[in-house]
Amino acid sequence: MPDKPNSLQHIDFLKHAGLCEARVIKHGLNNHSYHVITEQGHYFVRLNAVIAGVSRQREAQILDLIAPLNISPKVVLNDLDNNVLITEWCRGRVWTKPDFSQHELVSALVQPLQQFHRIECPDQVLFLDSRLDQRLLSYVANQNNKIQSQVHRLIEKLDDLGFWSANQYLTHFDLNPRNIIGRRPPMLLDWEFSGLGHPLIDWLIIEYESGQSLADFYLHHDQNDWLPPLRALIQIMMQIWAK
């Protein structure tokens, strides 16, 4: 995998576009990301790393699925063989935690979420492996016995309540404020963790990351008292990710 800014000079698309400047984007611990300026325009360039729970093949399918929705920057190049993703550069201000306290702003976020939450995921192992319970069973393999026991108990509780069978739709899984940019309409970034899930998962992750109570926007999705065990699972996942 290319891992230095100099490697950008060897990407054919950027050479033909007239590479002028590359600015490092300090976001995330694994991938190498850049704001690249060329004679033909500005682009976001990501040099992919290997990340637990991320399938580049799945991400490519999802980027194709959401392309008609215009809720994310347009993909210009997705080279899986060379681990390079290039999208159009998205101008705008990245959201911050206080933004989620503004009802009007969060209301504007509802529409793009509804659009992709309606997309049924393909019935493939590639997507089944991305479901929250499957992810967490993998994540907790190296955690202590107490955490493992908690996760197994919560997964079983949600299974008894019929939650996992309701996981049929595209879910982002990483909607922290840095992955939302602009206001009208907000654009959603960074789909590498996306996969099979349920709208409640995204809303609970947003709520956890923002520190704001957003229950008014998602309570109608709770069909069988799923929220208490699901919220506990999300908290465990976010704490593992933060380590």
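Residues numbered from 1 in each chain as written. Predicted model: local features only at pLDDT ≥ 70, side-chain atom pairs only at ≥ 80, totals over all residues. Heavy atoms only, no water.

A separate point is the pairing of strand β5 (residues 84-88). Among the 5 residues that make up β5, 4 are buried, leaving the element largely enclosed by the rest of the structure. Bridge analysis of strand β3 (residues 41-47) against β5 gives 5 bridges, and the strand direction is antiparallel. Paired with Tyr43 across the two strands is Glu88, which belongs to β5. Pairing of strand β4 (residues 75-79) with β5 involves 4 bridges; the strand directions are antiparallel. Counted as the bridge partner of Leu77 is Ile86 from β5. Connecting β4 to the next strand, β5, in antiparallel fashion are 4 residues, including Asn83 with a positive phi near 60°. (Buried < 20%, exposed > 50% of the residue type's maximum accessible area, 1.4 Å probe, protein only. Helix = DSSP H or I, 4+ residues; strand = E, 2+ residues; numbered from the N terminus. Pairing = 2+ DSSP bridges.)

What follows covers the environment of Ile240. By the element assignment, Ile240 lies in helix α8 (residues 227-242). In contact with Ile240, not counting residues within four places along its chain, are Tyr139, Val140 and Gln143. (Contact = heavy atoms within 4.5 Å.)

Our next topic: the nonpolar core. Judged by nonpolar contacts, the single largest core of 58 residues is most densely connected at Phe116, Leu132, Leu188, Trp191, Trp203, Leu230 and Ile234. Where this core is concerned, the elements lending two or more residues are α2 (56-66), α3 (103-117), α5 (132-139), α6 (145-160), α7 (199-210) and α8. Per-element tally for this core: the top contributor is α8, with 8 residues. Dropping the residues within four chain positions of it, Ile234 is found in contact with Leu132, Ile201, Leu204 and Ile205. (Core = buried A, V, L, I, M, F, W, Y, C linked by side-chain atoms within 4.5 Å.)

Before going further, it helps to spend a moment on the packing of α5 against α8. One way to put it is that α5 packs onto α8 with a least axis distance of 11 Å and a crossing angle of 45°. Between α5 and α8, the angle is such that the two are oblique. As for the relative orientation of α5 and α8, their crossing is left-handed in sense. Residue-level contacts link Leu132, Leu136 and Tyr139 of α5 to Leu230, Leu233, Ile234, Met237, Ile240 and Trp241 of α8. Considered class by class, the residues forming the contact of α5 with α8 number 9 nonpolar, no polar and no charged. (Axes fitted to C-alpha atoms, helices over the stretch in contact; angles between N-to-C directions. Parallel < 35°, antiparallel > 145°, perpendicular 65-115°, else oblique. Left-handed = near helix turned anticlockwise from the far one by under 90°. Nonpolar A, V, L, I, M, F, W, Y, C, P; charged D, E, K, R; others polar.)

Turning to the packing of aromatic side chains, a few remarks are in order. By the definition in use, this model includes 8 aromatic pairs. Summarising the aromatic geometry, the rings of Phe13 and Tyr43 are spaced 5.1 Å apart at their centres and angled 85° between planes, so their arrangement reads as edge-to-face. A residue pair is termed long-range when its members are at least 10 positions apart, and Phe13 in helix α1 (residues 12-17) and Tyr43 in strand β3 qualify at 30 residues. Considering the side-chain rings of Phe116 and Trp191, the 5.0 Å spacing of their centres and the 80° angle between planes classify their relative orientation as edge-to-face. Separated by 75 residues along the polypeptide, Phe116 in helix α3 and Trp191 in the loop between β8 (187-188) and β9 (195-197) bring together distant segments of the chain. Across the pair, exposure class does not vary: Phe116 and Trp191 are buried alike. Here the aromatic residues Tyr139, Phe193 and Trp241 are joined through ring pairs into a cluster of three or more. (Phe/Tyr/Trp six-rings, centres within 6.5 Å; stacked < 30°, edge-to-face > 60°.)

Below, the discussion takes up the packing of α7 against α8. Remark: α7 packs on α8, axes separated minimally by 10 Å, with the N-to-C direction vectors making an angle of 55°. Compared by their axis directions, α7 and α8 come out oblique. For α7 against α8, the interelement crossing comes out right-handed. Counting all contacts with α7, which are made through Leu200, Ile201, Leu204, Ile205, Glu207, Tyr208 and Glu209, the residues of α8 involved are Leu227, Leu230, Arg231, Ile234, Gln235, Met237, Met238 and Gln239. In terms of residue class, the contact of α7 with α8 is made up of 10 nonpolar, 2 polar and 3 charged.

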